[in-house]
Amino acid sequence: MHATRIVAIRHGETAWNVDTRIQGHLDIPLNDTGLWQAARVAQALAGEPIAAIYTSDLQRAHATAQAVARATGAPLTAEPGLRERSFGHFQGRTFAEIEAELPEDALRWRKRDPHYAPEGGESLVTLRERIERTVATLAQQHVGEQVVMVAHGGVLDVLYRLATRQDIQAPRTWQLSNAAINRLLWTPDGLTLIGWADTQHLENDNNTTLRDEAHS
């Protein structure tokens, strides 16, 4: 079977995640919790065979991926194709601000209009095409192996929809937790879902030293 195992990870938490502020292509760093989450997911994957790690080049994802690379020894490559959706003039605003300042745009966004793009940003259709193409290009280089891909909430949402054959406009009923472990299988026929939103490594915190180190 010509298959590649993929471990997909959303970056650790940022201050803008907490504030519900749209990041998009803006380069926001991890906060202290995000650094701790990155260390935890790295520890969880330390014993697994990983042929390569690919990450969005935005620092919140790249820092998360660097932690995994240090723990596993796998080579790390920045891949701009794994970036978050570009939200154009939404970037830097909170959800509430968008609702108040751009109500018509907010409505089209809430309805998941597949062809709507915020001014200067990407549509859902464009995002899906970019992610599907990028993942296929990377995965076909590692048939028979396992790779890690570190990206963003919008990217993980697309991967879930592709793997479960759900329409781009379908309501989201799945979690996109920071630093959760999500597992997929890629073949030339597409993606298949293996496991999703595993956060056990974040819930069972028995290593206070690790948390202290991440906050230092």
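For the structure, see preceding data.
So, here is what we can say about the structure in this document. Note that the structure is predicted; figures quoted are calculated from it, not measured. (Residues numbered from 1 in each chain as written. Predicted model: local features only at pLDDT ≥ 70, side-chain atom pairs only at ≥ 80, totals over all residues. Heavy atoms only, no water.)

This paragraph deals with helix H2 (residues 32–45). The end-to-end C-alpha distance of H2 is 20 Å, a good match for the 20 Å that 14 residues give at a rise of 1.5 Å each. Buried residues of H2: Gly34, Trp36, Gln37, Ala38, Ala39, Arg40, Val41, Ala42 and Leu45, and no others. Where H2 begins, one side-chain oxygen reaches toward the backbone nitrogen of threonine 33, 3.1 Å away; that side chain belongs to asparagine 31. (Helix = DSSP H or I, 4+ residues; strand = E, 2+ residues; numbered from the N terminus. Expected span 1.5 Å × (residues − 1). Buried < 20%, exposed > 50% of the residue type's maximum accessible area, 1.4 Å probe, protein only. Polar contact = N/O pair within 3.5 Å; in protein donor to acceptor, adjacent residues only side chain to side chain.)

The final tally for this structure, using the stated rule, is 6 aromatic pairs. Relative to tryptophan 109, the ring of phenylalanine 90 has its centre 5.0 Å away and its plane inclined at 45°; by these criteria the two rings are tilted. With phenylalanine 90 in the loop between strand S3 (76–78) and helix H4 (95–101) and tryptophan 109 in helix H5 (residues 103–110), this residue pair connects regions lying 19 residues apart in the sequence. Ring centres of tyrosine 160 and tryptophan 174 lie 4.3 Å apart, and the angle between their planes is 15°; on these two criteria the pair is classed as stacked. Of this pair, tyrosine 160 sits in helix H7 (residues 153–164) while tryptophan 174 sits in the loop between H7 and strand S5 (181–187), placing them 14 residues apart in sequence. Taken individually, tyrosine 160 and tryptophan 174 each receive the classification buried, so the pair is uniform in this respect. Within the aromatic cluster, the residues linked to one another by ring pairs are Phe87, Phe90, Phe95, Trp109 and Tyr116. (Phe/Tyr/Trp six-rings, centres within 6.5 Å; stacked < 30°, edge-to-face > 60°.)

Take the side chain of arginine 130 next. Note that arginine 130 resides in helix H6 (residues 124–139). Among the residues examined, arginine 130 registers a relative accessible area of 12% and is labelled buried. One polar contact links the side chain of arginine 130 to the main-chain carbonyl oxygen of glutamate 84, over a distance of 3.1 Å. If we skip the residues at most four places from it in the chain, arginine 130 touches His25, Pro80, Gly81, Leu82, Arg83, Glu84, Arg85 and Glu122. (Contact = heavy atoms within 4.5 Å.)

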